[in-house]
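# Structural characterization, general
Here are the chains, one letter per residue:
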Amino acid sequence: MITMDKICVFCGKKPEKKNKEHVLPQWLLKLTGDPNRIVTFGHETNSGKPLVFNWKNLTCPSCTKCNDRYAAFEAEIRTLVEKLLNKEELTGNESIKILDWLDKVRIGLWLNYYYLEKNKALINPRLFIDNRLGKKDRFLQIHFLESTKKSIGLNAFGVETFVFQSNPSCFGLRINNILLINGSNDYLVSQSCGFPYPKKMELQENGMTIIGDWEYNRNTQKDIGDLKLDKGVLTIMQPIQTGNEHTFNFFKDSYLTENCINIEKQKGTLFRIENDLVRSINDLNKKLKYESVINENTKYIGELISKVYEGQNTFLKKQLISTKTIYANSILLNEVKFNFYNEYHKK
């Protein structure tokens, strides 16, 4: 088993003036129920026993200074989450901040499970919040969970799987009456947004990815690769190619110039899937109106959650030369999860 010294969840270094970061912040725990409540999340690798713990004790090591850096950010996010819970519309800029926060939560939960389950996936983590927040393609879909009464609760979906430990690309977060489905990975939505993308992505067993066969046609598409999303009240994507190398000159291409909010970092603007069409959002100060989800587009919560596990498999398979690898069994286990949630409402 690969071992790893405790690192700061934010900077990835040995913690200075050691502190603890609540991966799911205390304000969120209070907003969704008793912060001291006991929850069951996944199973121990060796014994198969359920992992039972107190939400409030779900923490990762951090530097005190790093923890303090994110305090104002969390306060801002709290306001935005409360807006979502009240079904208030967010602006494009506010939506980008939610995407940043979900990057933080997703990687925090990934590292937390690395410690919690004693590195069950046998990986050597190279990711932490500072080197992952706002650095890769990402998407967010928001669902309002309709009910006759207000629902209180907090659930994270997909963070317990081997696939997530190997490739923390997609997870779901239910906050009371809303469900957020979030994904981020190399070039995850670049093709969907008409940006350059590699047709060849080969994930090696050492965790490195070989990339090549670039294509660029400026055509958009509503699906994220081979993943067909259900309809949500808001579905947004942001292509981000910071630090990635290819032969395309962002400064000399009109499409890329028009659709970047930071061309030096090759950071695209928001794109929205609305009425089955993809369009860029050029005024990020405007509020994004929510779509109506009715009739055949209405899904049970289990069907929505199943997309998390389908997405994890889809994004991992895209990078595999074949499924006859160390990842094959993880994919099969995820299919069991997908089938469980997809059939859950019928029980």
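For every chain, the first residue of the written sequence is number 1, and numbering continues from 1 along that sequence. Side-chain atom pairs in this predicted model are given and counted only at pLDDT of 80 or more, local residue features only at pLDDT of at least 70, and totals for whole chains, interfaces and linings cover all residues. Only heavy atoms go into the side-chain values, all of them from the structure, while hydrogens and water stay out.

## A few points about helix H3 (residues 71-85)
In DSSP terms, a helix is any run of H or I states spanning at least four residues, a strand is any run of E spanning at least two, and both are numbered starting from the N terminus. In a helix, the anticipated span is given by 1.5 Å times the number of residues less one. Over its 15 residues, H3 extends 21 Å from the first C-alpha to the last, a length consistent with the 21 Å expected when each residue adds 1.5 Å. Residue exposure (1.4 Å probe, protein chains only): buried if accessible area is under 20% of the type maximum, exposed if over 50%, otherwise partly exposed. Restricting attention to buried positions, one finds in H3 the residues Phe73, Glu74, Ile77, Leu80, Val81 and Leu84. Projected onto a plane normal to the axis of H3, the buried residues spread over an arc of 120 degrees and lie on a single side. Note that the arc is computed from the directions linking the helix axis to the C-beta atoms.

## Quick notes on the pairing of strand S5 (residues 137-144)
Taken across its 8 residues, S5 has 8 buried, putting it largely inside the fold. Of the two faces of S5, both are covered, the one formed by Asp137, Phe139, Gln141 and His143 as well as the one formed by Arg138, Leu140, Ile142 and Phe144. One ladder, built from 8 bridges, connects S5 with strand S8 (residues 178-185); its direction is antiparallel. Bridge pairing links Arg138 to Ser184 in S8. When DSSP locates at least two bridges between a pair of strands, those strands are taken to pair.

## A closer look at the packing of aromatic side chains
Aromatic ring pairs are reported here in terms of the distance separating the ring centres and the angle at which the planes meet. Whether two aromatic rings pair depends on their centres lying within 6.5 Å, for rings of Phe, Tyr and Trp, where Trp uses its six-membered ring; planes under 30 degrees apart make the pair stacked, over 60 edge-to-face, and the rest tilted. Under the criterion given, the structure shown has 12 aromatic pairs. Seen from their ring centres, Phe139 and Phe315 are 6.4 Å apart, and the 70 degrees between their planes marks the pair as edge-to-face. Placement of the pair is Phe139 in strand S5 and Phe315 in helix H7 (residues 301-317), with a sequence separation of 176 residues. In this structure Phe139 comes out as buried when scored by relative accessible area, which is 0%. Among the residues examined, Phe315 registers a relative accessible area of 4% and is labelled buried.

## Examining empty space enclosed by the protein
Detection works on a 1 Å grid of protein atoms alone, calling trapped sets that fit a 1.4 Å probe cavities and calling open sets with protein on both sides within 12 Å along at least five of seven lines pockets, with lining residues defined by an atom within 4 Å of a point. Grid points are joined across faces, edges and corners, and a volume is the space filled by probe spheres set on the points. Taken as a whole and judged by the stated rule, the model has 2 cavities of 30 Å³ or more. The computed volume of the largest cavity comes to approximately 40 Å³. Around the largest cavity, the lining residues are Asn185, Asp186, Leu188, Met201, Phe315, Lys318 and Gln319. The residue inventory of the lining of the largest cavity, partitioned by class, reads 3 nonpolar, 2 polar and 2 charged. Around the second largest cavity, the lining residues are Val9, Glu21, His22, Val23, Lys104, Val105, Gly108 and Ile129. Taken together, the elements giving at least two residues each to the lining of the second largest cavity come down to strand S1 (18-22) and helix H4 (92-116). Ranked by the residues each element gives to the lining of the second largest cavity, the list is headed by H4, at 3 residues. Side-chain classes follow a simple rule in which Ala, Val, Leu, Ile, Met, Phe, Trp, Tyr, Cys and Pro form the nonpolar group, Asp, Glu, Lys and Arg form the charged group, and the remainder, Gly included, forms the polar group. Considered class by class, the residues forming the lining of the second largest cavity number 4 nonpolar, 2 polar and 2 charged.

## Describing the packing of H3 against H4
Running from amino to carboxyl end, H3 crosses H4 at an angle of 115 degrees, the nearest separation of the two axes being 10 Å. The hand of the H3/H4 crossing is left-handed. Residues Phe73, Glu74, Glu76, Ile77, Leu80, Val81 and Lys83 of H3 form the contact with H4, whose participating residues are Glu94, Lys97, Ile98, Asp100, Trp101 and Lys104. When the residues that make up the contact of H3 with H4 are grouped by side-chain class, the tally is 6 nonpolar, no polar and 7 charged. Angles shown run from 0 to 180 degrees and are taken between the N-to-C directions of axes, each axis being a line fitted to C-alpha atoms and, for helices, limited to the stretch in contact. With the far helix as reference, a near helix turned anticlockwise by less than a right angle produces a left-handed crossing, and one turned clockwise produces a right-handed crossing. Two residues qualify as a contact provided that any one of their heavy atoms is within 4.5 Å of a heavy atom in the partner residue.

## Structural notes on the nonpolar core
Formed by 61 residues in total, the largest nonpolar core has its most connected members in Leu24, Trp101, Leu109, Leu173 and Ile175. Among the elements that make up this core, the one with the highest residue count is H4 (13 residues). For Ile175, the residues in contact, after removing those within four places along its chain, are Leu28, Thr32, Val81, Leu85, Trp101, Gly153, Leu154 and Leu180. By size, the runner-up hydrophobic cluster in this structure holds 29 residues, among which are Ile181, Tyr216, Phe250 and Tyr309. Within this scheme, the nonpolar core is defined by two criteria: the residues are buried Ala, Val, Leu, Ile, Met, Phe, Trp, Tyr or Cys, and they are joined through side-chain atoms within 4.5 Å.

## Description of the sheet that holds strand S7 (residues 170-175)
Here we have 7 strands laid out as an open sheet, ordered S6-S7-S8-S5-S11-S14-S15, and antiparallel in their pairing. At either margin of the open sheet sits one strand with a lone partner, and together these are strand S6 (154-157) and strand S15 (277-281). When strand polarity is set aside, the average angle formed by the axes of neighbouring strands in this sheet is 20 degrees. One ladder, built from 2 bridges, connects strand S11 (residues 234-238) with strand S14 (residues 270-274); its direction is antiparallel. Bridge assignment links Ile236 to a residue of S14, and that residue is Arg272. Lying over the sheet, H3 contacts S5, S7 and S8, oriented at roughly 130 degrees with respect to S8. Here H7 sits on the sheet in contact with S5, S6, S7 and S8, set at roughly 5 degrees to S8.

None of this, on its own, says anything about what the molecule does.
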